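Analysis of the macromolecular model
In case you want the letters, here they are:
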Amino acid sequence: MKKLILLSALLIFACSSDDASNEENTNPSNEKLIESVTFSSVQTCLDYSSFRSANTTNCIYNSDNLITSFKTQIYGLECPNDLLYEEQNSTNYIEHFDGYLIASSMGELAQIDLNDNGYIDTFNTNDEDGNIEVTSNIVYDNGYISSINPDDGSSGVNYIYQNGNLIRTEGIGDDRFETVITYTTFENKSKLFHPFFGSLIPHYPVQNYYGKNNTNLPLTKEINRYYEGVLSYTETEYYSYSFDNDGYVTFLEIGTFTDSQNQNIDNSLSEVTLEILYTN
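Residues numbered from 1 in each chain as written. Predicted model: local features only at pLDDT ≥ 70, side-chain atom pairs only at ≥ 80, totals over all residues. Heavy atoms only, no water.

Looking at the overall build of the chain
- The helix and strand tally for the chain stands at 0 helices and 18 strands.
- The buried share among the 280 residues of the chain stands at 51%.
- Taking all contacts inside the chain whose residues are at least 6 apart in sequence as the whole, residues at least 24 apart take part in 52%.
- Split by element, the accessible area of the chain, about 13200 Å² in all, is 45% carbon and sulfur. (Helix = DSSP H or I, 4+ residues; strand = E, 2+ residues; numbered from the N terminus. Buried < 20%, exposed > 50% of the residue type's maximum accessible area, 1.4 Å probe, protein only. Contact = heavy atoms within 4.5 Å. Areas by Shrake-Rupley, 256 points an atom, 1.4 Å probe, with all protein chains shown as cover.)

Take a look at the structure:
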């Protein structure tokens, strides 16, 4: 059976073998819930800037503080004119049951099974016609994602943690890429980032179905790509924050730039600020 899960406004299908409750994903009643993450301003946008973000708006929760619907919008920057454009958007709905979810979006409906801890065990990569090409198995360790392993024999990903924070991801079986993340001392109360999303999407409402979140807010993220064992490309992001009186992030600034060994790119910097609103 195909099971629907939504990532960055695209439909990705997920499936699992276990059938159990979702008690771990219920938020405490005193915890603030994100209502929206939207663009506030663009500070810097040079010729080769590249920034894309999946932003959620109008998040709706039930009485158990579980997400029931949200709208996803994907934006990009058109530089150097500092233009912001909306690429696509969709409204997504989620119904919660013991051991599974029913998700729907853009006319498609599917069931998502959960394991004993309320997490998703697998996700599928589909071709243009919606047919499953590869199923990837998610392995958890103490509630955190520890690896993702495709069933077609292609390279997977290992996840390495320190003090409850994902500090590194790396390709299994080769040195094609690595992601290195450093952290602030600020607690990730807003649950803005999650280890499952290597791009560190600021917020995606179903992220808690992929295990535990990072303990702290990130400071920097560096993606290194290799060619024949030699570093050929680096993409760096850095983050800064403004908080409310309770320690929840209200404004998030993200800067990003690239360094390519094969191209001389000096003007790739982009800096944007996102605003986060809460339901309480």
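Some remarks on the nonpolar core
- Formed by 27 residues in total, the largest nonpolar core has its most connected members in Ile138 and Ile145.
- Where this core is concerned, the elements lending two or more residues are β5 (67-78), β7 (100-105), β10 (132-141), β11 (144-150), β12 (157-162) and β14 (177-187).
- With 3 residues, β14 is the single largest residue contributor to this core.
- Formed by 21 residues, the second largest nonpolar core is a distinct cluster that contains Ile34, Val37, Leu77 and Tyr248. (Core = buried A, V, L, I, M, F, W, Y, C linked by side-chain atoms within 4.5 Å.)

A look at the sheet that holds strand β3 (residues 34-45)
- Strand order in the open sheet formed by 11 strands is β3-β18-β17-β16-β15-β14-β13-β12-β11-β10-β9, and the pairing between neighbours is antiparallel. Because the sheet does not close on itself, it has two edges, and the strands there are β3 and β9 (122-126). Ignoring strand direction, the axes of neighbouring strands in this sheet form an average angle of 20 degrees.
- Bridge count between β14 and strand β15 (residues 216-227): 8 bridges; the pairing is antiparallel. Looking across to β15, one finds that tyrosine 183 is bridged to proline 218. (Pairing = 2+ DSSP bridges. Axes fitted to C-alpha atoms, helices over the stretch in contact; angles between N-to-C directions.)

A few points about the pairing of β7
- Sheet topology places β7 next to strand β8 (residues 108-113); 6 bridges connect them, and they run antiparallel. Across the sheet, isoleucine 102 pairs through a bridge with glutamine 111, a residue of β8.
- Taking the residues that link successive antiparallel strands as the turn, the β7-β8 hairpin has 2 residues, and the phi of methionine 106 there is positive, at about 50 degrees.

Some points on the packing of aromatic side chains
- Tallied over the full model, the rule gives 10 aromatic pairs.
- For the ring pair phenylalanine 193 and tyrosine 239, a centre distance of 5.4 Å and an interplane angle of 70 degrees mean the geometry is edge-to-face. In this pair, phenylalanine 193 sits in the loop between β14 and β15 while tyrosine 239 sits in strand β16 (residues 230-243), placing the two residues 46 residues apart along the sequence. When sorted by exposure, phenylalanine 193 lands in the same class as tyrosine 239, which is buried.
- An angle of 75 degrees between the planes, with centres 5.6 Å apart, marks the rings of tyrosine 248 and tyrosine 278 as edge-to-face. Separated by 30 residues along the polypeptide, tyrosine 248 in the loop between β16 and β17 (249-260) and tyrosine 278 in strand β18 (residues 270-278) bring together distant segments of the chain.
- The exposure class of tyrosine 248 is buried, given its relative accessible area of 9%. (Phe/Tyr/Trp six-rings, centres within 6.5 Å; stacked < 30°, edge-to-face > 60°.)

Digging into the environment of isoleucine 201
- Tracing the sequence through the fold places isoleucine 201 in the loop between β14 and β15.
- Residue class for isoleucine 201 comes out buried when judged on its relative accessible area of 9%.
- Along the sequence, isoleucine 201 and asparagine 55 sit 146 residues apart, while their C-alpha atoms lie 8.4 Å from each other.

Points about the side chain of serine 190
- Tracing the sequence through the fold places serine 190 in the loop between β14 and β15.
- At 2.6 Å, the side chain of serine 190 and the side chain of tyrosine 278 are in polar contact.
- With residues up to four places along the chain from it excluded, the contact list for serine 190 reads Ile34, Tyr248, Val249 and Tyr278. (Polar contact = N/O pair within 3.5 Å; in protein donor to acceptor, adjacent residues only side chain to side chain.)

Some details on the environment of glutamate 187
- As for its placement among the helices and strands, glutamate 187 is situated in strand β14.
- The spatial distance from the C-alpha of glutamate 187 to the C-alpha of threonine 215 is 6.0 Å, given a sequence separation of 28 residues.

Some remarks on the pairing of β16
- Of the pairings in the sheet, the one linking β15 to β16 comprises 8 bridges and is antiparallel in character. Of the residues in β16, the one forming a bridge with isoleucine 223 is glutamate 235.
- Linking β15 back to β16 in an antiparallel pair, the connection comprises 2 residues, with glutamate 228 at a positive phi of about 55 degrees.
- Across 11 bridges, the pairing between β16 and β17 is antiparallel. Directly across from threonine 236, in β17, lies its bridge partner phenylalanine 257.

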